[in-house]
Amino acid sequence: QVQLVESGGGLVQPGGSLRLSCVASGVIFKTNIMGWYRRAPGKQRELGARIDTLGSVFYGDGMKDRITISRDNDKDTVYLQMNSLKPEDTAVYYCNLDTNKIYWGQGIQVTVSA
């Protein structure tokens, strides 16, 4: 059973930073492409970033200048560093096993507000 568990979300002020983590189990982590997505109220799901098995990255347009995706294969974990956060970044953020795009984490709330 594949399981993805996100952590690191919460409330942050505009201009602040946050680092999300996603720990994978039930899968050989190092052989899989991983991704971070988000869904804001009233909007469709949006790709934030993707990282392949060799560390090559791709960023979506929405946050590409303010986020960094990375992975630690020894810890079966993918990270999303988020900087210069804005109120419009408020959303539920999801970790995804992008190799087959079938398995998702339950999502974690990020709220950017003064």
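Below you will find a few notes about this structure.

About the thresholds
- Residues numbered from 1 in each chain as written.
- Predicted model: local features only at pLDDT ≥ 70, side-chain atom pairs only at ≥ 80, totals over all residues.
- Heavy atoms only, no water.
- Phe/Tyr/Trp six-rings, centres within 6.5 Å; stacked < 30°, edge-to-face > 60°.
- Salt bridge = Lys/Arg side-chain N within 4 Å of Asp/Glu carboxyl O.
- Helix = DSSP H or I, 4+ residues; strand = E, 2+ residues; numbered from the N terminus.
- Disulfide = S-S within 2.5 Å.
- Buried < 20%, exposed > 50% of the residue type's maximum accessible area, 1.4 Å probe, protein only.
- Core = buried A, V, L, I, M, F, W, Y, C linked by side-chain atoms within 4.5 Å.
- Contact = heavy atoms within 4.5 Å.
- Pairing = 2+ DSSP bridges.
- Axes fitted to C-alpha atoms, helices over the stretch in contact; angles between N-to-C directions.
- Polar contact = N/O pair within 3.5 Å; in protein donor to acceptor, adjacent residues only side chain to side chain.

### Describing the packing of aromatic side chains
Alright, step 1. Scanning all chains against the criterion turns up two aromatic pairs.
Alright, step 2. Among the aromatic residues, those joined into a ring-pair cluster are Tyr37, Tyr94 and Trp104.

### Considering the pattern of salt bridges
Alright, step 1. For the structure on display, the rule yields five salt bridges.
Alright, step 2. When the shortest N-O distance is used, the salt bridge between Glu46 and Arg38 registers 2.9 Å.
Alright, step 3. The closest approach of N and O atoms between Arg66 and Asp89, which form a salt bridge, is 2.7 Å. With a gap of 23 residues between them, Arg66 in the loop between β6 (57-59) and β7 (67-72) and Asp89 in the loop between β8 (77-82) and β9 (91-97) connect regions that are remote in the sequence.
Alright, step 4. If you follow the salt bridges from partner to partner, you end up with Arg38, Glu46, Arg66 and Asp89 in one network.

### A look at the state of the cysteines
Any covalent bond linking the sulfur atoms of two cysteines counts as a disulfide.
Alright, step 1. Under the defined criterion, the tally for this structure stands at one disulfide.
Alright, step 2. Each sulfur of the disulfide joining Cys22 and Cys95 lies 2.1 Å from the other. Where Cys22 bonds to Cys95 through sulfur, the torsion about that S-S bond is close to -80°, and the disulfide is left-handed. Here Cys95 lies in strand β9 and Cys22 lies in strand β3 (residues 18-25), a separation of 73 residues in the sequence.
Alright, step 3. In this structure Cys95 comes out as buried when scored by relative accessible area, which is 0%.

### So, the nonpolar core
Alright, step 1. Core analysis: the largest hydrophobic core is formed by 26 residues, its most contacted members being Leu20, Met34, Trp36, Val78, Leu80, Met82 and Tyr93.
Alright, step 2. Setting aside its immediate chain neighbours within four residues, Met34 contacts Leu4, Phe29, Ala49, Arg50, Ile51, Ile69, Arg71, Val78, Cys95, Asn96, Leu97 and Asp98.

### Description of the sheet that holds strand β10 (residues 108-112)
Alright, step 1. With mixed pairing, six strands are arranged side by side in an open sheet as β2-β10-β9-β4-β5-β6. Each edge of the open sheet carries a strand with a single partner, namely β2 (10-12) and β6. Pairwise comparison of adjacent strand axes, ignoring direction, gives a mean angle of 20° for this sheet.

### A word on the side chain of Thr77
Alright, step 1. Along the chain, Thr77 falls in strand β8.
Alright, step 2. Within the local environment of Thr77, its side chain forms a polar contact with the backbone oxygen of Lys75, the two atoms lying 2.8 Å apart.
Alright, step 3. Beyond its immediate chain neighbours, meaning those up to four positions away, Thr77 contacts Ser21, Cys22, Val23, Phe29, Ser70, Arg71 and Asp72.

### Points about the sheet that holds strand β1 (residues 3-7)
Alright, step 1. Ordered by their spatial adjacency, four strands build an open sheet running β1-β3-β8-β7, and the pairing between neighbours is antiparallel. The open sheet has two free edges, formed respectively by β1 and β7, since each of these has just one partner strand. Ignoring strand direction, the axes of neighbouring strands in this sheet form an average angle of 15°.
Alright, step 2. Note: β3 against β8, six bridges, orientation antiparallel. Within β8, the residue paired with Val23 across the bridge is Thr77.

The values are spatial; any link to function lies outside them.
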